[in-house]
Every structure is written in C-alpha cells, then in structure tokens.
Amino acid sequence: MLKIEDLHLSFGGIKALQGISFEAQAGEITGVIGPNGAGKTSLFNAISGFYQPDRGRVWFDGRDITGMAPDRRAALGIARTFQNIALFRGMTVLDNIKLGGHTRLKTGLWGALRYFGPAQREELEFRRDIEERVIDFLEIDHIRKVPITALPYGLQKRVELGRALAMRPQVLLLDEPVAGMNREETADMARFILDVQERFGTTILLVEHDMHMVMDICAHIVVLNFGQQIAEGSPQEVSQNPAVIEAYLGAAA
Amino acid sequence: MINGNLKASYADDERVLDNSYKKAFVYGMMVVLAGFAAFANDYLILVACQMGIMLIAVVGLNVVIGYTGLMSLGHAAFIAVGAYGVTILHNLGAGTVPDAVMPFIAVPVAVAISALIGIVVGLPSLRVKGLYLAVATLAANFIVIFVIEQDLFAPWTGGMTGIETPAPNLAGWVLDDKREMFVLIAVFAFATILTVQNLFRTRVGRAFIAIRDRDYSAEILGISLLRFKLTSFAISAAFCGLAGALLAYFYASILPEQFELALSLQLVAALIVGGMGRTMGPVFGVIVIVMVPEVIKVVFGAVSGGDPSVAQLRAPLQEMAFGFLIIFFLMFEPLGIVHITDRILRALNRWPFARG
C-alpha cells in the first residue's frame, strides 16, 4: 500500500534519514520505533509531503507521490495525526472533525455563499456521515459542541484521530498517539486503533514509544536509529534482535 | 433562559439562528430598522447610512483578518475601486445603456474588478505573514490612490478634484433621497452578513479558519493554502467593493482622499473594537467607530460655543480618539465588544443560580 524506497533526507550536515526502505502492507498496522532523534517524525513528514527527500521514492498504491504537495497527498487518502496535537483550538470538536472532510466535499465558492440548495444538501449528508461513522464510533458524542481548549489531553488526541478518520483515509499515519497518556487512556486508544483497522480496513503506520502497545497491536515493525534502519520484522523478531536491544530496548527487556 | 439547546434533526442543528435569543434579536432588528427608515429624522438616517456602508466593508475585512488570520491595512483601496468603478461605468455607459438597468451592470462589474484586484493584493500572503503582509497591503492602498490621482486618468477618475456619481435608478425607482438609500444599504448589509455566515457553515469557511489557526495542519487535511488565501482576499475585496459602490451612490460625489490610509485604519479599528472572527464583531465595532466622531462633534459644539480656535482641534482629537480606542481594547478587551456581550449573556442565562 505504502512503499518507502531508499529514502535519504538531510538538513545541512545532519543526515536525518539514510536509506530507509520498507513497505506498509494494506490493512495492517506497521510500527516505526527508535530512540529520540532517530528520524521517525522526519520519516512521517517526508511521507506526508512536508519534507522533500534528497533521494529515494515514496509510493502510494502503486503511484509515485514523492514530489506531490501535502494537500494533494491528503486528497489521495493519506491522513495523519501529530505528536503535539495539531487541532484547531478555537473551533469546536464538530468543526474540527468536519474539516477532515474537506477534500471529500465539493461545494465551491458560489454554492457556499448561497448555502441553500446543493451546499446545504451536501453539508447535511456529510454531517450524518461523520456523526455515524466517526463521532459515534469514537464515543465523543457528548463533547461535539465543546471547544478544543476545554478538553483534556486524552480526548484531544481522540478528536485528532476523529479528524483523520473523517478523511476516509486509506493510509493513516499516527505520530505517538498515546504519548503522555495514562494506562487506561492508552488502552482506550489502542482499542480504537484496532477498531479502525478492523472496521475500515485502513493501513496504519504508527510511531510510538509505548513498547507494550507497539508489540501488542503491530503486525510489522521497523526500527530506526540515527536515521538508519537497523531492523525490520514481526514484533517477536524485532524484540530479539541484538542490534535493537543494544540501541533501544535495553538488555533487561 | 436556555436550559438545553436540543435538536431533532441535523438541519435544525446547522441553522444560523439556532436559538430563540438569536431569532428574537435578528427579527426584532428587522422590525426596528423598518420603523427607523420610516420615522427617524434626517440626521439619524445620515449616520445610519454611514454605518451600513462601513458595516459591509468591515464584514468583508473580517473574512480576511478575523477568519483567515491575514492582516490587511489596504482595504480602503477596494472601497475606492468599487466607488470609482461604479462611477466610471456610469459615465461610460451613459447614453448607450438605459439608466434603469445601469446599476445592475455597474455594481456587479465594479465588485468583480475589486475581487480581481483583491486577488492580486493577496498574492504576498502566500509568502509573508503578520506585519510584513500588513505593509505589503498598505502599499496597495497607496498605489490605487496614486493611480486615481494621476492626470493621465483624470478624464475618467476626475483626478484630485474628484468626480460625481449619478443617483442609482433601480428599474425605474430613482434613489435620490437619503432615506431611500438607507433602505438599499440596510438590505445589502443584512444580505452581506447572511452570505458571510453561510460561508462559515460550509467547507470554504472552515478552510479559512483552519488556515488562521494552524496552516500546516490545514495543508495536511488537503486544504490548498494558495487557493483559499486568495479566495479569502477576493471575497473580502468584493464586499469592500460593494461598500464602495454604495458609498459613491450615497455621497453622489467622491474624492481620492476619502479612501486613504485613514479609512483602512478605521476599518481595522472597527474590527478590533468589535471583535475579530465573530459575526457581531463588525456590527458593534462600526457603531462605535461611526459614533465617536459624531459624539465629539456634539461635545465640541457645546464646549466651543462657536469659537474657531477650539473647533479646529476637533479633527486631530478624532484621530486620537481612534488611537486611544484601539490601545484600550487591545490592552483590556482584546477579543472586543463581542466578548463583553458574551459574558453578559452568559450571566443572564445562568442567573440566579450562578454569577459570571
């Protein structure tokens, strides 16, 4: 589904990514792990189009998207969440989630100014869709009219997932979805991620430091260290790989 | 008091007037304005017309500054384009186009030209933000006035001495009276506010707010910054152009100096005082900004008693009053008058169970 081929990225003298290659299989959860500064977020930024790689290609569904602008990639079906929540803070939960549907909606300027007619029909249809498919699904119906600033961290993370889901993505990039959460919130989020995969068949790429969660829900894991890919395989293979234990997991694990 | 704002359908939940307070207020305002048009004296009608024209412009400016988060100090340029556009079209069409249809051609064309110029002026917004953008748009203001004042274009624009605009003839109804103009302006002002409201319940308006709040996040959702920043400028310039067209009809003659930086600053001041990015912000802001000079005029008339040495202090005092208002609101109520009314409404709604 999503194929990374020999990706190189550098900022001046810093080589952030050096020859990353792997493939995220359709409908599977692929984990990307590694110590801080390993290049995980840089990899995400290269996939979503914020960074232009020096070398290498990004393939989506058999299409080369390496040179494409971020908004075009979103329209193709690549959604993502951010490590530090990137919701629109002044808006309500509902409006944030509605924004996820931007590329799916067709209303143009004239329709929008008039509203009544096609624009209204489309908006109401869309509202029903996100209410039933996203808001009910993520169990956030009680807060739909609440502004983001009034929500606790865990719920904000869930709303951000909701916004990504409103895009009906084929590939979902999750950048540390449970960072800073307590055990209960983490369990909730892990359940939602699994539900997304099961219900919508979404291909998920996950960056996370919570090893219990990564080992539990990922089918495939890629390990980065200092911009290099040091291992790749099933959770079991990776957790027994000496290079990974040396660089990241530690001997006791 | 609203104890629950519960809806049984999504259509009900997406209405602009989604509770009984708002409904009562808006329909009440319509009745009040109709009564006002019939019974107010000429002076009040004059002031209200100025407010209406200014309101249309500030609602337009609110789209760019308040909702899209792009600073502009050049919007008087679009008002100038609208005003001069209409006047020039009237003069060009005189004789060939019947008077009764002229406004139906001149106004849309002038508005369209404003929108196009708005796109050009908006181009720097793709590269620069904040203060730098403010300066770039400021330049637009000076360029437009400079062009209008050129002798080369004087046969069309009237140059420094200004030009006269004929009274609009709407399919036989000649609006040569200020009271009739007021009806036209009030209808346009209501329509402008409704149209802009519509924008913000569809993807277009949401995209603007997304760009304001977090532009990289907007991009990740598939919002093209290029397209929506320019759209925002175009819409905003179009409404300012409409305000300009009405202004030309209202004053019946226009001068380039009416559209200088002072007007741009007044528009921004109205927005800051009223509250940015809110529907009612421009309304409150415009009322204050138009009332201030009028109040100063009345107070000065009483104090000076006709003494010319005191009376000549009035103009600078007016400028100072605007400056003071902006500083006061930025320091003590940066969210504007809307924030005050929000608090009052909340307190009323909770009374007597809680305060504040």
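Going by the structure above, here's the rest.
Everything quoted here is computed from the prediction, not taken from an experiment. (Residues numbered from 1 in each chain as written. Chains lettered and ligands numbered in written order. Predicted model: local features only at pLDDT ≥ 70, side-chain atom pairs only at ≥ 80, totals over all residues. Heavy atoms only, no water.)

All right, on to the overall build of chain A then. Each helix and strand counted, chain A has ten helices and ten strands in total. When contacts within chain A are restricted to residue pairs at least 6 apart in sequence, long-range pairs at least 24 apart make up 68% of them. Surface accessibility of chain A: about 10700 Å² in total, with carbon and sulfur atoms responsible for 49%. Looking at charge distribution, chain A has the averaged site of its 27 positive side-chain charges lying 8 Å from that of its 32 negative ones. (Helix = DSSP H or I, 4+ residues; strand = E, 2+ residues; numbered from the N terminus. Contact = heavy atoms within 4.5 Å. Areas by Shrake-Rupley, 256 points an atom, 1.4 Å probe, with all protein chains shown as cover. Lys, Arg positive; Asp, Glu negative; His and termini not counted. Charge placed at Lys NZ, Arg CZ, Asp CG, Glu CD.)

Another aspect to go through is the side chain of T157 of chain B. Residues and elements named next belong to chain B. With respect to the helices and strands, T157 occurs in helix α7 (residues 154-157). A distance of 2.9 Å separates a polar atom in the side chain of T157 from the backbone oxygen of I148. Dropping the residues within four chain positions of it, T157 is found in contact with Y84, I88, I148, G162 and I163. (Polar contact = N/O pair within 3.5 Å; in protein donor to acceptor, adjacent residues only side chain to side chain.)

On to the interface of chain A and chain B, then. The partner chain B presents 29 residues to the 40 residues of chain A that form the contact. In total, about 3300 Å² of surface goes out of reach between chain A and chain B, with carbon and sulfur atoms giving 62% of it. Its largest share of buried area at the contact with chain B, chain A owes to F88, H102 and L113 of chain A, together 20% of the area lost on that side. At the boundary of chain A with chain B, the tally comes to five salt bridges. For the salt bridge of E14 of chain B with K98 of chain A, the shortest nitrogen-to-oxygen distance reads 2.8 Å. On inspection of chain A and its partner chain B, the count reaches 13 residue pairs in polar contact (both at pLDDT 80 or more). Elements that contribute at least two residues to the side of chain A that touches chain B include exactly α2 (70-76), α3 (93-99), α4 (109-114) and α5 (118-135) of chain A. Taken together, the residues of the side of chain A that touches chain B break down into 20 nonpolar, seven polar and 13 charged. (Buried area = accessible area lost by both parts, 1.4 Å probe. Salt bridge = Lys/Arg side-chain N within 4 Å of Asp/Glu carboxyl O. Nonpolar A, V, L, I, M, F, W, Y, C, P; charged D, E, K, R; others polar.)

All names here are of chain A. Strand order in the open sheet made by the four strands is β2-β1-β4-β5, with antiparallel pairing throughout. Of all the strands in the sheet, just β2 (14-24) and β5 (63-64) have a single pairing partner and so form its edges. Both strand β4 (residues 55-60) and β5 contribute to a ladder of two bridges, which runs antiparallel. Following the sheet pairing, W59 is matched in β5 by D64. Against the sheet, helix α1 (residues 40-48) engages β1 (2-11), β2 and β4, with an angle of about 115° to β1. (Pairing = 2+ DSSP bridges. Axes fitted to C-alpha atoms, helices over the stretch in contact; angles between N-to-C directions.)

Let us now look at the environment of A77 of chain B. Residue and element names in this part refer to chain B. Inspection of the secondary structure assignment puts A77 in helix α4 (residues 76-93). A residue is classified by how much of its surface remains accessible, and A77, at 1% relative accessible area, is buried. When the C-alpha atoms of A77 and A139 are compared, they prove to be 9.7 Å apart, with 62 residues separating the residues in sequence. Leaving out residues up to four positions away in the same chain, A77 has contacts with A140, N141 and V144. (Buried < 20%, exposed > 50% of the residue type's maximum accessible area, 1.4 Å probe, protein only.)

Residue and element names in this part refer to chain B. Nonpolar side chains collect at one region of the surface, where L92, I143, F146, V147, L152, F153 and W156 lie side by side and expose about 730 Å² of accessible area between them. Within the secondary structure, L152 is located in the loop between α6 (130-149) and α7. You can call L152 exposed: its relative accessible area is 62%. (Patch = residues over 30% accessible without salt bridge, like charges linked within 9 Å, V, L, I, M, F, W, Y side chains within 5 Å.)

What follows deals with the sheet that holds strand β3 (residues 29-33) of chain A. All names here are of chain A. Spatially, six strands are ordered β6-β7-β8-β3-β9-β10 in an open sheet, and the strand pairing comes out mixed. Each of the sheet's edge strands pairs with one partner strand only, and the pair in question is β6 (78-81) and β10 (228-233). Strand-to-strand twist of the sheet, defined as the mean angle between neighbouring strand axes without regard to direction, takes the value 15°. Where β6 lies against strand β7 (residues 171-175), four bridges are found, and the strand directions are parallel. Bridging from a neighbouring strand, A79 pairs with L172 of β7. On top of the sheet, α1 reaches β3, β6, β7, β8 (203-207) and β9 (220-225); it is set at about 150° to β7, its chief contact.

The next thing to look at is the environment of A38 of chain B. Its place among the elements puts A38 of chain B in helix α2 (residues 20-39). On the basis of relative accessible area, A38 of chain B is assigned to the partly exposed category, the value being 49%.

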